[in-house]
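An overview of the molecular structure
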Amino acid sequence: MHHPSPAPLRTPPRDPRSDPRPRRALTATVAAAVVGLMLAGCSTPSAAGTPGVTADTVTIGTHQPLTGPAAAGYGPISAATSAYFEYLNEKGGIHGRSIEYVVKDDGYNPADTQTVVRELVGEEKVFALVNGLGTPTHSSVLDYVGQNDVPDLFVASGSATWNDPGKYPNTFGFNADYVTEGAALARYAADTEPDAEICVLGQDDDYGAGILEGVTAVAGDDGVAAAEYYSTSNEDVTAQVGALKKAGCGVVVLGTINAFTALTLGTAAQLEWFPKWYVSSAGGDQETVLGYLGEENAALLEGLTSVNYLPQSPDDEWVRLFEQINEEYNDGAPFTGNTVYGMSVGYLFAEALAAAGENPTRESLLAAVESGELTGNGVVPLSLGPDDHGAYHAASVTVVRDGVQDYVGATYAWDGATLTETESTPVPLENEGIPSTP
Amino acid sequence: MDTLVFLVAAGLARGSVLALFAISLVIVWRAARVVNFAQAAMAVVGVYAGFALTAATGSYWLGVAGAVLTGALLGVLAERGPLRLVPRDNPLPGMIVAIGLVMVLQAGLAIAFGAAHRPVPAPFPQRPLSLGGVPVLSPYDLFTLATAAVVMAGLAWMFGRTSLGLQLRAAAFAPETSRLLGVRVGRMVTIGWAVSVAVAALAGLLLVPTELGLSPHAADILFVQAFAVAVIGGLDSPPGALLAGLGVGILTSLVTGYVTAAAAPLAVLGLLTAVLLVRPAGLFAAREARTA
Amino acid sequence: MSTRTRTLVRASLVTLVVIAATFGLDPFRNFQLATAAAVFAAVAGLTVLVGLTGQLSLGHAVLMAAGGYGYAIASSSVVAMTSDDGAAAVTGSGASPGAAGTLLPFLAGLAGAVVVAGVLGLLLGLAAARLRGPYLAGLTLALVIALSSAASVIGPLGGDQGRAAPFLPVPGALAALIAVEQWHAWIAVTLAACAVTPLLILRAGRAGLRMRAVHDDETAARLAGIDPGRVKAGAFTASALSAGTGGAALAIVTQNVSPGAYGLGFSLLLVVAAVVGGLGSLGGAAIGSVLVVTLPWAADQLAGTLPADLTARLDGNLALLLFGVVVIAVTLAAPGGLARFLPRSRHA
């Protein structure tokens, strides 16, 4: 300190003309650039061969919410998918290749999704993205994935965005689309509770809008007594639930994620209000919702109506196989709808990879998915094809009875304009859940 | 009308927690001239401790005591540790060190306990009692309101009527003079921190059963709103924090009920901006020292 | 040469050096560089504001977001107006539109970014001129929390999903030579240079002198005929313009703007970058920006080598813990920040 300054903690005024900072800025920037170069290691990606495919492995990647507000509701999915792949690899993999599943956490934040997906494509050199989770998150990387010609399979969301083969030829959805689910729930409500006022509570994005669209399509514009929305950034739904209660709703269709299903049911119970709850598949898994509510509130879920398109009955052969895989390869983690979902995604990808031939390329993988020959393991038909990039356009109703969530038989298909009642078409389990390789 | 009554009552319960947390910020600001950005993170550490104690012993009240004591201890540690080393003539370094503490504590909690929400049951029923057919407040809301009132009355008594309170106030307002008069200013600052974080931990404990559950970020929004409340009230003024807290609680409840949930933070921002434009140092600010 | 010319020459040199360096980076590193450049523009604005005028803004993430939204909305409107099939230009798959086809939306987007961030910055600056430290911090903090509400209440902002920004493909002549990530790094670095150089000139000139005078002693500055309110509001606006340009750069690189990207955590990270680098130092801001972009990635790589259950816990949190420790250590032990350790021509 050369300055005899009375207040040594303050920056002494400088003469701007001799300010040394611009040069320091130069040095710093150059230094930062050099550090960046040193970190770089390898420079340019190799162009030869199919990315992510070696003689004995296929590397695929995903973005999932392992931390953050959505983690408790959906975090277990990727662990289940990994467990299925581990099981598959132990049985010899597909065409002799084992599947490496790289799971990156994006905390359900689109900004992080953009970073981790670039890491998966640019660094990990994945063959394909599989089951990237979430509408806001995945929408933010759609263009990037398209430009890089990365197959983008079985997105974990029911938004209609993924089903746009003209604009996004590489992208395919996995969930039954929200409109289908909303319509199916509304029809079942109309059939079983003909006198009840139908209301909707939805998330304030594609999810809630899609559910409302489906409900309105069936019940008519005047058939929805009240529609309320919530935002994930506000963990208080008292006002919305209060408004629905006041509207005299007998059936409330929920387009809510698991956490907000729990919050809504809990809030309504506090208001001593017990309408019939009809929940979309993404927020209607009994065990996951109970995880939020606490086991002591299990009674609140009695009678909960939901829809699903994957095996769910406790005595289903797929469910039993998945329970076994969960015990052996997933450390016996709690077995929920998320477990079945994650393993079903794994099975469908394995099936696609098997159909993509002995030397799979990105083109042959996409061709296999569009071939119309994949079956998946759903209880309704898999509708993937060249003109349809949505996996399921039908859903079957489940109800919680005596603490068990199971199908009740009502199944509906949606063709984009009308809802028709149909039969469920379960896929028989073959070859211990390992897709056959032609 | 029913809706209005219901929303105002719900807002009052939430507002009392906000006010309590805002008062904890006022206490530490008065004691140390620091805005403790780490207040939420420190409070949540206390709530985790209380939660663990309740889970281990089955007693809610032991959990409350554990949370409050952990909070007080954290306050002492923070003040005796990093914050004592911060230069006092400028509020900036203190705020930045507190921001650093937020990161350390939240990351530490997430590493130790995981990031998932843990359900926290309320000690009293959360079903509202009806008043003339209108659901108003639940027993838990009444418990929250009563606790907040008792704590605030206790604080007012301590600061206003006891010798300790007098020394605390003297040390905050005129540290040099107080030191000459024999007040142990350093110790008073430490006590201020301990009381402040203990109150914040209690507010956090009251809040958590009404939200999705306990997570390292459980009190983030509470902190931001309480900070806005403290600023609206004047940062220096406990009555200001109380009034502003109840006001903001009712405002957010009404906006959520009559407009939409998403608009509530915008309403708080609007109120804050409006108050600061009219009174740049808050509603109940002490007169500013000479500026020009 | 005048000071201003010297600054301009130096800034151009630095920009060229960094652009040359992109040839040594793989696509993911170039993406990180582009992100760091965008963050640098915001941190530079923040560090000048805090270091020179003593106003602590915790809301610079929102100013970046304002630039991003301004860019995305203006640019995609122009795309929609100029092409019959706007979708083709947005996805970029198939034939890439000519240079002229992307230049106009790009420029319109930049104008949008500058206008939106500038207006918001001016409004905040006018409020800030009346407020002292903690009050301003409270206002800007409430602003950050209000961003996601604003996004869902104001229709054109697109809720949690945000807005897509049109894709800027590599121009035809360069397409054979460089990857899209490298091209975006060039754009981001150039935009950051355009945002930060005016700050350098501003700081070295009369305006900088006035800011220091107001910061050091407002009363004395008033007596010397300086209007502190105008100086503070001006500094805030200049700072916002730089942050908004950074937001536009980030919108170009990621083709998306959403409120989740500009939350509380990110806003505090901008403060961290400014503090770690050394408040007031633009060189420090560059170091801080590179750190906040690369350290989380490096920490996750490190955590990835550990057993799986530990990885899940450390993921994302280890970096946060490190940042917290570094921020506290730097503030207490080395208030000048890392910039103190840079070689310099003269001891201050």
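What you see is a predicted model, and the numbers here were worked out from it, not measured in a lab. (Residues numbered from 1 in each chain as written. Chains lettered and ligands numbered in written order. Predicted model: local features only at pLDDT ≥ 70, side-chain atom pairs only at ≥ 80, totals over all residues.)

1. A few points about the overall build of chain B
Secondary structure assignment for chain B yields 11 helices and two strands. Along its sequence from the N terminus, chain B presents helices and strands in the succession α-α-α-α-β-β-α-α-α-α-α-α-α. The C-alpha radius of gyration of chain B comes to 19 Å, within 12% of the 19 Å expected for a compact globule of 292 residues. By its C-alpha atoms, chain B is 60 × 50 × 35 Å across when sized along the principal axes. Looking at chain B as a whole, 58% of its 292 residues are labelled buried. Of the contacts made within chain B by residues no fewer than 6 positions apart, 72% connect residues no fewer than 24 positions apart. (Helix = DSSP H or I, 4+ residues; strand = E, 2+ residues; numbered from the N terminus. Rg over C-alpha atoms; globule rule 2.2 N^0.38 Å. Buried ≥ 20, exposed ≤ 12 C-beta atoms within 10 Å, placed from the backbone. Contact = placed C-beta atoms within 7 Å.)

2. What to know about the overall build of chain A
Helices and strands together make up the secondary structure of chain A, namely 14 helices and 13 strands. Within chain A, buried positions represent 60% of all 438 residues. Taking all contacts inside chain A whose residues are at least 6 apart in sequence as the whole, residues at least 24 apart take part in 69%.

3. Side note on the UniProt feature "transmembrane region" (unreviewed entry) in chain B
Cross-referencing UniProt, the feature "transmembrane region" (unreviewed entry) maps to residues 6-27, 34-53, 59-78, 90-116, 136-159, 188-208 and 266-286 of chain B in the present numbering. Along residues 6-27 of chain B the backbone is 100% helical and 0% strand, and the end-to-end C-alpha distance reaches 32 Å. (UniProt positions renumbered as here; feature names shortened; annotations may be inferred.)

4. Some words on the interface of chain B and chain A
If you look at the interface, chain B gives 26 residues, while chain A gives 25 residues. Among the elements of the structure, α1 (2-32) and α10 (238-258) of chain B are those that each provide at least two residues to the side of chain B that touches chain A. For the side of chain B that touches chain A, the element with the highest residue contribution is α1 of chain B, accounting for four residues. Of the residues that constitute the side of chain B that touches chain A, the class distribution is 14 nonpolar, nine polar and three charged. (Nonpolar A, V, L, I, M, F, W, Y, C, P; charged D, E, K, R; others polar.)

5. Remarks on helix α9 (residues 206-216) of chain C
For α9 of chain C, every residue scored as buried is listed here: Gly208, Arg210, Met211, Arg212, Val214 and His215 of chain C. The inward-facing, buried residues of α9 of chain C contact α2 (27-53), α8 (180-204), α10 (218-223) and α11 (228-254) of chain C.

6. Focus: the environment of Val379 of chain A
Inspection of the secondary structure assignment puts Val379 of chain A in the loop between α14 (362-370) and β11 (394-401). The contacts of Val379 of chain A, once residues within four sequence positions are left out, are Tyr309, Leu310, Pro311, Ser396, Ser424, Thr425 and Pro426 of chain A.

7. What about the sheet that holds strand β5 (residues 171-173) of chain A?
All names here are of chain A. One open sheet accounts for five strands, arranged β2-β1-β3-β4-β5; its pairing is parallel. Two strands in the sheet have a free side with no partner beyond their single neighbour: β2 (98-105) and β5. Looking at each pair of strands side by side, their axes are set apart by 20° on average, direction ignored. Where strand β1 (residues 57-64) and β2 come together, eight bridges link them in parallel fashion. Along β2, the bridge assignment pairs Gly61 with Val102. (Pairing = 2+ DSSP bridges. Axes fitted to C-alpha atoms, helices over the stretch in contact; angles between N-to-C directions.)

8. Brief notes about the environment of Ala44 of chain C
Residues and elements named next belong to chain C. Mapped onto the secondary structure, Ala44 falls in helix α2. Sequence separation of Ala44 and Asn317 is 273 residues, and the distance between their C-alpha atoms is 26 Å. Not counting residues up to four positions away in its chain, the partners in contact with Ala44 are Val196, Leu199, Ser242, Leu282 and Ala285.

9. What to know about the packing of helix α5 (residues 139-161) of chain B against helix α6 (residues 163-173) of chain B
Residue and element names in this part refer to chain B. Two elements in contact, α5 and α6, have axes separated by 5 Å at closest approach and are oriented at 75°. Relative to α6, α5 is oriented roughly perpendicular. Taken together, the residues of α6 that come into contact with α5 (itself represented by Met158, Phe159, Gly160 and Arg161) are Leu164, Gly165, Leu168 and Arg169. Classifying every residue of the contact of α5 with α6 by side-chain character gives four nonpolar, two polar and two charged. (Parallel < 35°, antiparallel > 145°, perpendicular 65-115°, else oblique.)

10. Things to note about the sheet that holds strand β9 (residues 276-279) of chain A
All names here are of chain A. Sheet architecture is open: eight strands sit in the order β7-β6-β8-β9-β10-β11-β12-β13, paired in mixed fashion. Looking at which strands have only one partner, the edges of the open sheet turn out to be β7 (224-230) and β13 (419-422). On average, adjacent strands in this sheet sit at an angle of 25° to one another, irrespective of strand direction. Of the pairings in the sheet, the one linking strand β6 (residues 198-203) to β7 comprises six bridges and is parallel in character. Bridging from a neighbouring strand, Leu201 pairs with Glu228 of β7. Against the sheet, helix α8 (residues 206-219) contacts β6, β7, β8 (251-255) and β13, and its axis sits at roughly 160° relative to β6. Against the sheet, helix α9 (residues 238-246) makes contact with β6, β7 and β8, and its axis sits at roughly 175° relative to β7, the strand it touches most.

11. Details of the nonpolar core
Among the nonpolar cores identified, the biggest contains 378 residues, and Val215 of chain A, Ala22 of chain B together with Ala192 of chain C are the most heavily contacted of them. Per-element accounting of this core gives the leading share, 19 residues, to α1 of chain B. Dropping the residues within four chain positions of it, Ala192 of chain C is found in contact with Ala37, Ala38, Phe40, Ala41, Gly246 and Ala249 of chain C. (Core = buried A, V, L, I, M, F, W, Y, C linked by C-beta atoms within 7 Å.)

12. Re the confidence of the model for chain A
Residue and element names in this part refer to chain A. On average, chain A scores 85 in pLDDT, and the residues at 70 or more come to 88%. The low-confidence segment residues 1-22, where pLDDT is below 50, has 29 contacts with residues more than four positions distant or belonging to other chains. Note on residues 37-47: pLDDT is under 50 here. Beyond four places in sequence and across chains, it has 15 contacts. (pLDDT = per-residue confidence, 0-100.)

13. Overview of unusual backbone geometry
Residues and elements named next belong to chain A. Of note in this structure, Asn431 is not a glycine but carries a positive phi near 55°. Examined against the element boundaries, Asn431 turns out to sit in the segment after β13. Residue Glu432 is not a glycine yet carries a positive backbone phi of 55°. With respect to the helices and strands, Glu432 occurs in the segment after β13.

14. What to know about the pairing of β11 of chain A
Residues and elements named next belong to chain A. Counting buried positions along β11 yields six of eight residues, so the element is predominantly enclosed. As paired elements, strand β10 (residues 305-308) and β11 share four bridges and run antiparallel to each other. By the bridge assignment for β11, Asn308 is matched with Ser396. As defined by bridge partners, β11 adjoins strand β12 (residues 404-414) across seven bridges and the pair is classed as antiparallel. Residue pairing across strands places Val399 opposite Asp406, the latter belonging to β12. Between β11 and β12, which follow one another and run antiparallel, lie two residues, and Asp402 among them has a positive phi close to 50°.

15. Side note on helix α4 (residues 110-123) of chain A
Residues and elements named next belong to chain A. Over its 14 residues, α4 extends 19 Å from the first C-alpha to the last, a length consistent with the 20 Å expected when each residue adds 1.5 Å. Of all 14 residues in α4, 14 are buried, a share of seventy percent or more. Lys125 sits one or two positions beyond α4 and adopts a positive phi of about 50°. (Expected span 1.5 Å × (residues − 1).)

16. A look at the environment of Pro139 of chain B
Turning to its location among the elements, Pro139 of chain B is positioned in helix α5. Apart from residues no more than four positions distant in its own chain, Pro139 of chain B is found in contact with Phe124 and Pro125 of chain B.

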